[in-house]
Amino acid sequence: MSEFLGMPAPRPRGGTLVPAAKEGPLDDRVARLRSGREPYVLATVVRALRPTSAKAGDRALVLPDGTIEGFVGGVCATDTVRAQGLRLMGTGRATLLRITPEAEAPHEEEGLVAVGQPCLSGGTLEIFLEAVLPPRLVRVHGDGPIARAFVSVGEAMGCTVESGDGPVAADTSAVLVASHGVDEEPVLREALARQVPYIGLIASRKRGAAVLARIKGGERVHVPAGLDIGARTPGEVAVSVYAEIIKLR
């Protein structure tokens, strides 16, 4: 009973519980995670039936290494929140988690996961878990009409789009090369070395094959980039490429 009713002592990081007081206000921590493009799960207690140590409104963050910052109950609750939070982090979805001694657990349906209360104290907690993933990061190389369309269409889709000659970030989802022969090979090699999931080159099939023949691993590059939808204008080309990214995802 003491495990569920009392807050466990802090333990070393790495799949453990870290009190939010050591990190500052939870909202400030969320802001830092967002600015650092780090994924997290926000857990909010929406209903608590005694005996529980948590109350409605209590919040915590689940980080990718399993660390929990904040408070949503004792060790029994936090272990369950950790497991379900990490599960959601891979999908970017949200769900209501019900920790209960009632006969319905374990049970799962759309938007709800009910698990058995692992502590002898009983009590029921309903905790809303929301996975927050950073926007897809796209790097665009080039400054012509198609490159500019890649930026505007990507931003309209909610992506974070970077353009210019900067380095490819480790969490980049797509590199789109639309420089029409200018410095293509260095950008493609860097994207391949970074294991970027989608790499697209705007070029004809013939010219693209010639470029990729000089690049190790070039078979991973999509050329001509985009789905064959009969695209003609820069905007249509951009739509076809983002459609291919979505399809492959």
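Located above this text is the structure these notes cover.
Residues numbered from 1 in each chain as written. Predicted model: local features only at pLDDT ≥ 70, side-chain atom pairs only at ≥ 80, totals over all residues. Heavy atoms only, no water.

Regarding helix α4 (residues 145–156)
Here's step 1: Between its terminal C-alpha atoms α4 stretches 16 Å, which fits the 16 Å expected from 12 residues at 1.5 Å a residue.
Here's step 2: Within α4, burial applies to I146, A147, A149, F150, V151, V153 and G154.
Here's step 3: Buried residues along α4 sit in contact with β9 (137–141), β10 (160–163), β11 (174–177) and α7 (234–248).
Here's step 4: G158, located one to two residues past α4, shows a positive phi value of around 90°. (Helix = DSSP H or I, 4+ residues; strand = E, 2+ residues; numbered from the N terminus. Expected span 1.5 Å × (residues − 1). Buried < 20%, exposed > 50% of the residue type's maximum accessible area, 1.4 Å probe, protein only. Contact = heavy atoms within 4.5 Å.)

Brief notes about helix α2 (residues 26–35)
Here's step 1: Listed in full, the buried residues belonging to α2 are L26, R29, V30 and L33. Looking down the long axis of α2, one finds its buried residues gathered within 100° of arc, a one-sided arrangement.
Here's step 2: If you follow the buried residues of α2, they end up packed against β2 (40–49), β3 (59–62) and β4 (68–70).
Here's step 3: Two residues or fewer past α2, R37 is found with a positive phi of approximately 55°. (Arc of directions from axis to C-beta.)

Some details on the pairing of β2
On any regular strand, side chains alternate: one points to one face of the sheet, the next to the other face.
Here's step 1: Judged from the nine bridges that link them, β2 and strand β8 (residues 124–132) form a sheet pairing that is antiparallel. Residue pairing across strands places L42 opposite E130, the latter belonging to β8. (Pairing = 2+ DSSP bridges.)

None of the figures reported here should be taken as evidence of function without further support.
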